[in-house]
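Chain and residue survey
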Amino acid sequence: MQSRVHELRSFVVKNFLFGEDQRLDNADSFLDNGIIDSTGILELVMYLQHTYEIEIYDEELIPDNLDSVNRLAAFVEHKLAMPAVSKVS
Amino acid sequence: MIAPVNGVPSAAKQLLRLDAALETERIAAKIRGIVFDRLKRKGAVVGVSGGIDSSVVAFLCARALGKERVIALFTPEEDSSPESLRLGRAVAETLGIRSFLEDISPILKGACCYKRRDDAIRLVVPEYGPGYKSKIVLPNLQDAARYSVFSVVVQTPAGEIRKVRLTAEAYLGILAATNFKQRTRKMMEYHYADRFQYAVAGTPNRLEYDQGFFVKGGDGLADFKPIAHLYKTQVYQLSEYLGVPEEIRMRPPTTDTYSLAQSQEEFYFSLPLAAMDICLFGRNHGFPPSELAAIAGLTAEQVTTIYAQIDAKRTATRYLHSGPMLVEDVSEI
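Everything numeric here is computed off the predicted structure, so don't read it as measured data.

Here's the deal with the overall build of chain B
Of regular secondary structure, chain B possesses 15 helices and seven strands. Against the 2.2 N^0.38 benchmark of 20 Å for 333 residues, chain B shows a C-alpha radius of gyration of 20 Å, consistent with a compact globule. Seen through its C-alpha atoms, chain B measures out along the principal axes to roughly 55 × 50 × 50 Å. Contacts in chain B between residues far apart in sequence, at least 24 positions, make up 73% of those at least 6 positions apart.

Structure below.
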């Protein structure tokens with residue numbers, strides 16, 4: 001889980017904060033802090049799908065799953081733990 | 001979709017009501033001051049789309065500057081509805097102003113607008129090709145907790161309709177390609193402005209202006225924007241007072257940018273425009289969600305969500321409003 005948090009944090013910092021850490025807390029809301037907009041969500045989803053070979057459904061595109069580094073990590077863990085049917089074959 | 005059960009209640013409409021005669025005179029005086037005194041131009045060019053906003057701007061300019069000093073420009077392209085040109089002509093004929101027709105399809109083809117768009121669509125719908133139609137849409141805000149992410153809706157030559165969520169690459173590719181349309185139109189408007197020493201009138205209403213619903217260097221570019229302070233409901237009110245043809249006043253707003261008919265709600269606002277108008281008004285005037293909810297026929301939770309989205313769009317589209325930024329002030333200018 002810790003390495004997952006680290007990976008996801010690196011992606012967010014590199015892609016949305018232009019490499020500057022800006023004291024981003026892993027619990028910080030991306031929306032409230034203006035870090036990710038709707039195009040950013042699409043980028044994030046692409047990254048998650050490709051990197052972890054998971055499929056993300058429309059109904060999963062909610063802040064509970066995607067709105068902080070910690071939430072992302074938990075969501076990815078949850079997806080990876082699911083039976084293979086929800087993963088991209 | 002979040003929508004008031006019985007349409008927008010009359011109490012809400014009342015909030016936005018203005019004195020149409022007074023407002024018309026106020027705007028007309030401002031237009032004269034801007035065009036003649038400040039910009040030193042001899043008239044105004046208005047890109048007339050057949051929609052309500054550009055029609056009202058054409059009427060206001062004609063009233064302010066005189067009908068002989070206003071040009072209506074029609075710039076259809078392959079994906080435009082033929083209705084747009086017909087209604088645009090109705091505006092010019094009603095006002096008795098000069099008009100010019102410029103089919104911008106050849107310029108768009110030269111810039112590979114359609115090819116670039118189709119290539120981008122093929123990133124998510126590989127079979128997309130000749131005979132297909134498309135548009136991009138936002139989900140309805142039925143589920144307030146969901147992110148608003150774009151999908152492309154395609155119609156096959158056989159009429160079958162499919163909706164596919166866009167990737168960032170495909171979305172940005174489609175947007176960057178279709179933005180050629182608004183920018184080409186603006187280039188044409190400035191061509192006529194240069195030719196006649198006229199100013200270019202922009203046609204956004206307050207909702208569009210505030211929420212960044214425009215293309216930078218495209219429909220966002222203008223020398224003056226005479227209805228950018230008016231809520232959409234107020235634009236409709238002025239249109240009636242000014243005598244804009246009824247057919248235009250009754251037509252649902254469209255973007256007229258994609259080959260499948262696309263409403264502004266689908267593309268940008270996710271909410272009926274009248275309800276969006278009331279929420280923007282409420283946000284601007286400090287109405288608590290519970291109070292506005294009662295007036296607008298929405299729930300307090302829905303209003304809270306919409307307020308948050310209004311704020312988010314303002315932040316996300318700040319870049320569109322900003323002019324070129326300088327490293328240092330050039331104080332002489």
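Remarks on the nonpolar core
Core analysis: the biggest nonpolar cluster contains 62 residues, and Val46, Ala58 and Cys61 of chain B have the highest contact counts within it. No other element matches helix 3 (residues 52-65) of chain B, which puts ten residues into this core. Excluding residues that lie within four positions of it along the chain, Val46 of chain B makes contacts with Ser54, Val57, Ala58, Cys61, Val70, Ala72, Leu73 and Ala201 of chain B. Formed by 37 residues, the second largest nonpolar core is a distinct cluster that contains Val12 and Ile36 of chain A together with Phe150 and Ala170 of chain B.

Observations concerning the sheet that holds strand 2 (residues 70-74) of chain B
Residue and element names in this part refer to chain B. With parallel pairing, the four strands of this open sheet are ordered in space as 3-2-1-7. Among the strands making up the open sheet, the edge pair consists of strand 3 (98-101) and strand 7 (199-201). The average undirected angle you get between the axes of adjacent strands in this sheet is 30°. As paired elements, strand 2 and strand 3 share four bridges and run parallel to each other.

Some words on helix 2 (residues 38-52) of chain A
All names here are of chain A. In this model helix 2 runs 21 Å from its N-terminal to its C-terminal C-alpha over 15 residues, within 8% of the 21 Å that 1.5 Å per residue would give. By the burial criterion, the buried members of helix 2 are Ile41, Leu42, Leu44, Val45 and Leu48. The buried side chains of helix 2 occupy one side of the element, clustering within an arc of 165° when seen end-on. When the buried face of helix 2 is taken as reference, the exposed residues oriented beyond 90 degrees from it are His50 and Thr51. Of the residues trailing helix 2, Glu53 is marked for its positive phi of about 50°.

Some thoughts on the environment of Arg283 of chain B
Residue and element names in this part refer to chain B. Residue placement: Arg283 occurs in helix 12 (residues 273-284). Between the alpha carbons of Arg283 and Ile310 there is a distance of 8.2 Å; along the sequence they are 27 residues apart. Once you skip the residues sitting within four places of it in the chain, Arg283 turns out to touch Tyr307 and Ile310.

Some remarks on the confidence of the model for chain B
Interpretation of the predicted coordinates at a detailed level should be avoided for regions scoring low in pLDDT. All names here are of chain B. Overall, the predicted model of chain B reaches an average pLDDT of 91, with 93% of residues at or above 70. Taken together, the stretch residues 1-6 has pLDDT below 50 and engages in 17 contacts with residues farther than four places along the chain or on a different chain. Interface confidence for the predicted complex, expressed as ipTM, amounts to 0.81; the pTM equals 0.89.

Reading the values: rules and limits
- Residues numbered from 1 in each chain as written.
- Chains lettered and ligands numbered in written order.
- Predicted model: local features only at pLDDT ≥ 70, side-chain atom pairs only at ≥ 80, totals over all residues.
- Helix = DSSP H or I, 4+ residues; strand = E, 2+ residues; numbered from the N terminus.
- Rg over C-alpha atoms; globule rule 2.2 N^0.38 Å.
- Contact = placed C-beta atoms within 7 Å.
- Core = buried A, V, L, I, M, F, W, Y, C linked by C-beta atoms within 7 Å.
- Buried ≥ 20, exposed ≤ 12 C-beta atoms within 10 Å, placed from the backbone.
- Pairing = 2+ DSSP bridges.
- Axes fitted to C-alpha atoms, helices over the stretch in contact; angles between N-to-C directions.
- Expected span 1.5 Å × (residues − 1).
- Arc of directions from axis to C-beta.
- pLDDT = per-residue confidence, 0-100.

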